[in-house]
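Spelled out, the chains give:
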Amino acid sequence: MVNEALIWTYLEEVSDPEIPVLSIVDLGIVRSVKLANEKVEITITPTYSGCPAMKHIEQAIIEFLAEKNIQASVVLTLSPAWTTDWLTENGKNKLREYGIAPPENEVDKSVLFAAPTIVPCPLCASKDTRMISQFGSTACKAHYQCNACMEPFDYFKCLK
Amino acid sequence: MNSLYKYILRIADDSLILGQRLSELCGHGPIIEEDIALTNIALDLIGQATSLYEYAAIVGGEGKTADDIAFLRFEREYVNVLLVEQPNGDFGMTIARQWFFDSFRVLFYDAMLESTDQQLAAIAEKSLKETKYHWKHSSEWLVRLGDGTDESHDRVQTAINYLHRYVDELFFMDEVDTALITEGIAVDLASLKVAFDAKTSEVMEMATLSFPTNNWKQVGGRVGKHTEHLGHILSELQYMQRAYPNMEW
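Cut-offs applied
- Residues numbered from 1 in each chain as written.
- Chains lettered and ligands numbered in written order.
- Predicted model: local features only at pLDDT ≥ 70, side-chain atom pairs only at ≥ 80, totals over all residues.
- Heavy atoms only, no water.
- Helix = DSSP H or I, 4+ residues; strand = E, 2+ residues; numbered from the N terminus.
- Buried < 20%, exposed > 50% of the residue type's maximum accessible area, 1.4 Å probe, protein only.
- Contact = heavy atoms within 4.5 Å.
- Pairing = 2+ DSSP bridges.
- Axes fitted to C-alpha atoms, helices over the stretch in contact; angles between N-to-C directions.

### A short note on the overall build of chain A
Part 1 of the argument: Within chain A, the secondary structure is distributed over three helices and seven strands.
Part 2 of the argument: Starting at the N terminus and walking to the C terminus, you meet the elements of chain A as α-β-β-α-β-α-β-β-β-β.
Part 3 of the argument: Burial analysis of chain A (160 residues in total) assigns 47% to the buried set.
Part 4 of the argument: Looking at chain A alone, contacts between residues at least 24 apart form 53% of all its contacts between residues at least 6 apart.

### Overview of the sheet that holds strand 1 (residues 30-36) of chain A
All names here are of chain A.
Part 1 of the argument: Spatially, 1-2-3 is the arrangement adopted by the three strands of the open sheet, whose pairing is mixed. Each edge of the open sheet carries a strand with a single partner, namely strand 1 and strand 3 (71-76). For this sheet, the mean inter-axis angle between neighbouring strands, taken without regard to orientation, is 20°.
Part 2 of the argument: Looking at chain direction, strand 2 (residues 39-44) and strand 3 are connected through six bridges and run parallel. In the sheet register, Ile44 faces strand 3, and the bridge partner there is Leu76.
Part 3 of the argument: Against the sheet, helix 1 (residues 4-11) contacts strand 1 and strand 2, and its axis sits at roughly 140° relative to strand 1.
Part 4 of the argument: In the packing of helix 2 (residues 54-67) onto the sheet, contacts are made with strand 2 and strand 3, and the angle to strand 3 comes to roughly 160°.

### Some words on the sheet that holds strand 4 (residues 100-101) of chain A
Residues and elements named next belong to chain A.
Part 1 of the argument: One open sheet accounts for four strands, arranged 4-7-6-5; its pairing is mixed. Among the strands making up the open sheet, the edge pair consists of strand 4 and strand 5 (129-133).
Part 2 of the argument: Of the strand pairs in this sheet, strand 4 and strand 7 (residues 152-156) are connected by two bridges, and their pairing is parallel. For Ile100, the partnering residue across the bridge sits in strand 7 and is Asp154.

Here's what the structure looks like:
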């Protein structure tokens, strides 16, 4: 019997194409699942406006559920706007294990010249790290380096 | 065409043209971190433009798609401000242009959160978060360059002197705005000017830079009268659609 809870568990198997260790549920981009007359409508929201993965994710959801004989449609919503507060605890742990530092609580982005956020190294856990660049390999990441183990790493930057 | 459609296009064209300009730096940034930063910002801007063109396509009601609107207009039909079409120049010019634009956009999107048009308010909510980050990046660079070496100071001051003539146009309003302001849809740009002047003056002072005393202003973009640079941008932006009409990825 298909119900909304079952669909949520299926969606946990659809991964983010850029960070495959995260499911779209971990990432907090699935906003709602509605089931009516055996049709499923799933609402998702982009992490960043220009996120090139959105079309891919939409298609992946439809195809994955089709394999389970569920006909789904995907709706995109912009408001409320995605925030890293929606990353699940499970998702944050998976990021750390994968070598990406999960978001830390940051002061408002519009504060100029604020002291940079302390981001612990995901590899050796040292807090002696430095920001290399505010921008990284994807819109959701910044680039850091650990002063203790010298490893460069990605930081999944805080967005509120 | 109705006022709302024209209004959305103005915001969308600013984002698209600046996004296209910045993406010219892909592979040409002064250092790899800035190459990545500027193209990340380009991607956000093009993403914001996409949301806006998609909305314009619905509001326009002529069966045009977002791509049709973005790629298949003539130069005089683009209504972006002149500031965003100015060439990248040196890094000082790129940063100064970005900083003027970001300083405006943060205030603009913040005010647009209150729009009675729900879709515009939603786009503003999404875009504001990204724009604050851009603004932080461009402001910090402006100070680093202005308060840096003699050469970086001179170059970014030259950029400010050149671009300053285009800044006033960010606050340009005409009958397109007036009707929509009454309905609570559009932002009354005049109400942002005091905050803009205060914010920009503060950063300029930190950067040890000064605005030019020559107050000559140049407008025209909002009604389709552009500098020579837009045509060159469009020839590249529209190349695929002109060479292979109706092609799709």
